[in-house]
Amino acid sequence: MQQPVIDVRGLRKDFRNGVAAIDGLDIQIEAGGRVHGFLGPNGAGKTTTIRCLLGLIRPSAGDVKLFGVDVASNLPSIIGRIGALVETPKFFPNFSGRKNLQMLADVVGVRSVAIDEALDTVGLSDRSGDKFGTYSLGMKQRLAIAATLLKDPELIILDEPANGLDPAGIVEIRQLIRSLGSSGRTVFVSSHQLGEVQQTCDEVMIISKGRLIRQGPVSEMVSLGASNKQIVTVRDPAQAIRILNDAGFNVQPVPEPETVHVEIPAARADEITKALAAHQVFLSGMRPAEASLESVFLELTEGQGEL
Ligand SMILES: Nc1ncnc2c1ncn2[C@@H]1O[C@H](COP(=O)(O)OP(=O)(O)OP(=O)(O)O)[C@@H](O)[C@H]1O
Ligand SMILES: [Mg+2]
């Protein structure tokens, strides 16, 4: 069997202040060009896990292996195969993007051609001669990702790469991450932005309070969230809510005009029609609420931390 690229068993991290940031986490990720989302609310333990993966902090318990190698004892032997972005690297504002990368390339000992390739991959070739200080936030973040590519890594670990970016910047990063996956690299990317994971990743792990809550293909997660909620269009929502409540339905008023949300599986949606028609109320539309990772995420992490 193929060796997992990331193999974490029983990871725990208790900080000195008594915070149990990671509370027994297992992660197994196979090699191959897939994008793995690591999703969790703020404070769930994503950054702490990634710092343990990269040997930046020492786990309180558990084993962390990358490419089958124990990180605690043997990280130098595999570090060249990993590109990681945990905290935004410090670039020099008065040097160009290229010059900044050149200096990093000199440190890690890679050839200049790697710089051109990295700049090309992140779409910064045209602007590589401009000073870093003049870059937009999105460009700065793309340069940071370019820096992780210099060693042509097999595994790329990114901690919230789209954080703080505007919608256009988010789209750029999303496309970039997808292209990194399709280039055959294994990408492990954390996020608390559900839409991001849904649109970027093949697989997702959802964590909360340092524990794994759910794991699987994004498509599967989304079908989990194929909510039992119907969106019903009626002329008088207040009246419809009264009737449906009396008939024993769970109904949520929503701010949209002429709309109520009714909790019931799509297969039983005709019961809504019957209940309303019995009171001479006729709906003008009904559709299932859109399935989203967000609904799964909210359901699974409900009451488990701030979102
Ligand atoms: N150095 C530290 N000392 C003490 N507690 C810490 C330290 N680093 C993180 N924590 C705590 O560990 C928990 C997990 O934090 P972590 O930064 O890993 O969460 P996260 O999932 O990355 O959150 P975010 O989405 O906000 O980045 C939090 O309760 C945090 O306060
Ligand atoms: Mg974090």
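Because the structure is predicted, anything quoted here is derived from the model rather than measured.

J.: What should I look at first to understand the pairing of strand S3 (residues 35–39) in this one?
T.: Regular strands place side chains that alternate from one sheet face to the opposite one. For S3, a buried count of five out of five residues is recorded, marking the element as mostly surrounded by other parts of the structure. Because side chains alternate across S3, one face comprises the buried residues Val 35, Gly 37 and Leu 39, and the other comprises His 36 and Phe 38, equally buried. With five bridges connecting them, S3 and strand S8 (residues 186–191) associate as parallel partners. In the strand pairing of S8, Gly 37 is matched with Val 189.

J.: For this particular structure, what's the right way to read the site of ligand 1?
T.: Surveying the vicinity of ligand 1 reveals 13 residues, the closest of which are Gly 43, Gly 45, Lys 46, Thr 47 and Thr 48. Take Ala 44: an N or O atom from its main chain is 3.2 Å from an oxygen atom of ligand 1. Take Gly 45: an N or O atom from its main chain is 2.9 Å from an oxygen atom of ligand 1. Computed on the free molecule, ligand 1 has an accessible area of 640 Å², of which 63% lies beneath the protein chains in the complex. Taken together, the residues of the shell around ligand 1 sort by class into five nonpolar, six polar and two charged.

J.: Sorry, what's going on with the layout of surface pockets here?
T.: In this approach the atoms are scanned with a rolling probe the size of a water molecule, which exposes any empty space left behind. There is about 480 Å³ of room inside the largest pocket. Forming the boundary of the largest pocket are 18 residues, of which Gly 83, Ala 84, Leu 85, Thr 148 and Lys 151 lie nearest the centre. Contributions of two or more residues to the lining of the largest pocket are made by strand S6 (82–85), helix H3 (97–108) and helix H5 (137–149). At four residues, the largest contribution of residues to the lining of the largest pocket is made by S6.

J.: What am I meant to see in H5 here?
T.: An α-helical turn contains 3.6 residues, so a residue and the one three or four places further along point in the same direction. Its 13 residues place the ends of H5 19 Å apart at the C-alpha level, agreeing with the 18 Å of an ideal helix rising 1.5 Å per residue. With 11 of its 13 residues buried, H5 lies for the most part within the structure. Along its buried surface, H5 packs onto S6, H3, helix H4 (112–121), strand S7 (155–159) and helix H6 (167–182).

J.: I keep staring at the sheet that holds strand S5 (residues 69–70) and nothing clicks. Help me out?
T.: Hydrogen bonds along the backbone pair up the strands of a sheet, which may run parallel or antiparallel. The strand order across the open sheet built from four strands is S2-S1-S4-S5, with neighbouring strands paired in antiparallel fashion. Edge positions in the sheet fall to strand S2 (20–29) and S5, since each has one partner strand and no second. Of the strand pairs in this sheet, strand S1 (residues 6–14) and strand S4 (residues 61–66) are connected by five bridges, and their pairing is antiparallel. Bridge pairing links Arg 9 to Asp 63 in S4.

J.: Help me understand unusual backbone geometry, please; the structure alone is not making it clear to me.
T.: Glycine aside, residues mostly have negative phi, and peptide bonds are mostly found in the trans state. Its identity is not glycine, yet Glu 160 carries a phi of approximately 45 degrees, on the positive side. Structurally, Glu 160 can be placed in the loop between S7 and H6. Positive phi outside glycine occurs at Glu 258, with the angle close to 55 degrees.

J.: Before we go on, may I ask you to explain empty space enclosed by the protein in this structure?
T.: In total, this model carries one cavity of 30 Å³ or more according to the counting rule given. Within this model, the largest cavity holds a volume of roughly 80 Å³. Of all the secondary-structure elements, those providing two or more residues to the lining of the largest cavity are S8 and helix H7 (194–200). Looking at the lining of the largest cavity residue by residue, the class counts come to six nonpolar, five polar and two charged.

J.: Looking at this structure, how should I read H3?
T.: For H3, spanning 12 residues, the distance from its first C-alpha to its last is 17 Å, which sits close to the expected 16 Å at 1.5 Å a residue. Restricting attention to buried positions, one finds in H3 the residues Gly 97, Asn 100, Leu 101 and Ala 105. On an axial view of H3, the arc spanned by its buried residues comes to 135 degrees, and they lie on one face. Exposed side of H3, more than 90 degrees from the buried face: Asp 106 and Val 107 are the residues found there. Here the buried face of H3 lies against H4 and H5. A positive backbone phi angle near 70 degrees is found at Gly 109, which sits one or two residues after H3.

J.: Quick question: what am I supposed to make of the sheet that holds S8 here?
T.: Strand order across the open sheet formed by six strands is S6-S7-S8-S3-S9-S10, with mixed pairing between neighbours. Of all the strands in the sheet, just S6 and strand S10 (211–217) have a single pairing partner and so form its edges. Pairs of neighbouring strands in the sheet enclose a mean axial angle of 15 degrees, with direction left out of account. In terms of strand pairing, S7 meets S8 through five bridges, oriented parallel.

Rules behind the numbers
- Residues numbered from 1 in each chain as written.
- Chains lettered and ligands numbered in written order.
- Predicted model: local features only at pLDDT ≥ 70, side-chain atom pairs only at ≥ 80, totals over all residues.
- Heavy atoms only, no water.
- Buried < 20%, exposed > 50% of the residue type's maximum accessible area, 1.4 Å probe, protein only.
- Helix = DSSP H or I, 4+ residues; strand = E, 2+ residues; numbered from the N terminus.
- Pairing = 2+ DSSP bridges.
- Near = heavy atom within 4 Å.
- Polar contact = N/O pair within 3.5 Å; in protein donor to acceptor, adjacent residues only side chain to side chain.
- Areas by Shrake-Rupley, 256 points an atom, 1.4 Å probe, with all protein chains shown as cover.
- Nonpolar A, V, L, I, M, F, W, Y, C, P; charged D, E, K, R; others polar.
- 1 Å grid on protein atoms, 1.4 Å probe; cavity = no way out; pocket = protein on both sides within 12 Å on 5 of 7 lines; lining within 4 Å.
- Points joined across faces, edges and corners; volume = space filled by probe spheres on them.
- Expected span 1.5 Å × (residues − 1).
- Contact = heavy atoms within 4.5 Å.
- Arc of directions from axis to C-beta.
- Axes fitted to C-alpha atoms, helices over the stretch in contact; angles between N-to-C directions.

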